[in-house]
Amino acid sequence: MTALDLAVEWAHEEVVVHHDPDSGLRCVIAIHDTTLGPAVGGTRMRPYPSLEEAATDALRLARAMTYKSALAEMPLGGGKAVILGDPARDKSRALLAAYARALDRLGGRFNTGCDMGMEERDMAVLSRLTRHVSHTPAGSRIDTADLAALGVFESIRAAASLLGRGLEGLRVVVQGLGNVGFQLARRLKEAGARLTVADVDAARVERAAAELAVEVVAAEAVYDVEADVFSPNAAGGVLNDETIPRLRCRAVVGGANEQLAEPRHGDALHARGILYGPDYVVNAGGLLSLIYDLEGADDAAVTARVRAIGPRLAALWDRSRAEGLPPHRVADRVAEERLAAARRNRGR
């Protein structure tokens, strides 16, 4: 199925492909649904093999953002932007300026923040060029990655409780030691969990081993480690036909976006009796940072909202058991129910 087919099937409201020859900017901005409010979603920069793959990524992530906002009870819609290019080589002030102009052309229908390949300093630059960027406010002691990690941490706590365990001695495999994965590993280590970690970046693994004194396995072997919880915090699509049969865990709870290669892989986890935390529920911590701007909230208020992700996930699992459906199917249903209710209210 092509990206255009997906845009039609998933009823995206708007998809923009933008090219600025002078700066080398090539980007795709996907706006999925603005029923609940203006679309929000991170901007990621990656060396995508093709424009088609970049557009597909943007479409999938934009739809997930719609559902994430709905389940987090935020007055926001879902969108996503992807920039084609190597962030280490191709990112420049001229490129960021061109991207800011692309955001301005959307007139506030899409507002963005930090994601893979982009950093808070990039968002700070963009925020001086356009009003349609959010980043951690000056004076805050909490960054977006730490909020995302906190949400995953509280979700793992909820999973441990359902498994009849506490965090002390809980065996957790953390896949991916980027900004979110490392912060998560640190929190779990401090809580007494027994950690095994993996990353394709050797420097990140060395840092975790040195600073956290955790067990390390090769990136390709991470699915074979026996554990209570497998926590994917790197790329998407890691739960698929090849990896799911290898899992030796009781639950999958992580911060990566689009962990299921296809929805049927959530069904496969359910059939194996593996508890799954739908990613757009678990990783909503970064999104909730927007209440700094929306509500003028302080660090304590934002942190409290992020900690509530754990109980929200536990309630979703309760409904999953009651209805006999996989958690990801229930999460989609809850999101669609809230969107449908908002559409009815809007039509009155």
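As a starting point, this report considers the structure included with it.

The rules behind each value
Residues numbered from 1 in each chain as written. Predicted model: local features only at pLDDT ≥ 70, side-chain atom pairs only at ≥ 80, totals over all residues. Heavy atoms only, no water. Helix = DSSP H or I, 4+ residues; strand = E, 2+ residues; numbered from the N terminus. Rg over C-alpha atoms; globule rule 2.2 N^0.38 Å. Buried < 20%, exposed > 50% of the residue type's maximum accessible area, 1.4 Å probe, protein only. Areas by Shrake-Rupley, 256 points an atom, 1.4 Å probe, with all protein chains shown as cover. Pairing = 2+ DSSP bridges. Core = buried A, V, L, I, M, F, W, Y, C linked by side-chain atoms within 4.5 Å. Patch = residues over 30% accessible without salt bridge, like charges linked within 9 Å, V, L, I, M, F, W, Y side chains within 5 Å. Salt bridge = Lys/Arg side-chain N within 4 Å of Asp/Glu carboxyl O. Lys, Arg positive; Asp, Glu negative; His and termini not counted. Charge placed at Lys NZ, Arg CZ, Asp CG, Glu CD. Phe/Tyr/Trp six-rings, centres within 6.5 Å; stacked < 30°, edge-to-face > 60°. Lys NZ or Arg CZ within 6 Å of the ring centre and 35° of its normal.

## Describing the overall build of the protein chain
- If you tally the helices and strands in the protein chain, you get 14 helices and 11 strands.
- The C-alpha atoms of the protein chain give 19 Å as radius of gyration, which agrees with the globular expectation for 348 residues (20 Å, within 12%).
- Reported as C-alpha extents along the three principal axes, the dimensions of the protein chain are approximately 50 × 50 × 45 Å.
- A buried classification covers 55% of the 348 residues belonging to the protein chain.
- Of the roughly 14800 Å² of accessible surface on the protein chain, 50% is carried by carbon and sulfur atoms.

## Looking at the pairing of strand β5 (residues 110-114)
- Among the five residues of β5, four are classified as buried, and the element is accordingly described as predominantly covered.
- Here five bridges tie strand β3 (residues 39-46) to β5, and the two strands are oriented parallel to one another. Among the inter-strand pairings, A39 is bridged to a residue of β5, identified as F110.

## Quick word on the nonpolar core
- Of all hydrophobic cores here, the largest spans 58 residues; its most connected members are M74, I156, V172, L188, L195, V253 and L287.
- At nine residues, the largest contribution of residues to this core is made by helix α5 (residues 144-162).
- With 21 residues, the next largest nonpolar core counts L25, C27, L106 and V125 among its residues.

## Examining a negative patch on the surface
- A surface patch of negative charge is lined by D5, E9, E52 and E53.
- By the element assignment, E52 lies in helix α2 (residues 51-71).

## A few points about the packing of aromatic side chains
- Scanning the entire structure with this criterion turns up two aromatic pairs.
- Ring geometry for Y67 versus Y280: centroids 5.7 Å apart, planes at 70°, classification edge-to-face. Placement of the pair is Y67 in helix α2 and Y280 in helix α9 (residues 279-282), with a sequence separation of 213 residues.
- Y280 sits in the buried class, given a relative accessible area of 8%.
- Between the aromatic rings of Y223 and F230, the centroid separation amounts to 5.6 Å while the plane-to-plane angle is 50°, which identifies the pairing as tilted. Of the two residues, Y223 and F230, both sit in the buried class.
- Directly above the ring of Y48 sits R46, whose terminal nitrogen or CZ lies 5.0 Å from the centroid.
- The positively charged end of R207 is found above the aromatic ring belonging to F182, 3.7 Å away from the centroid.

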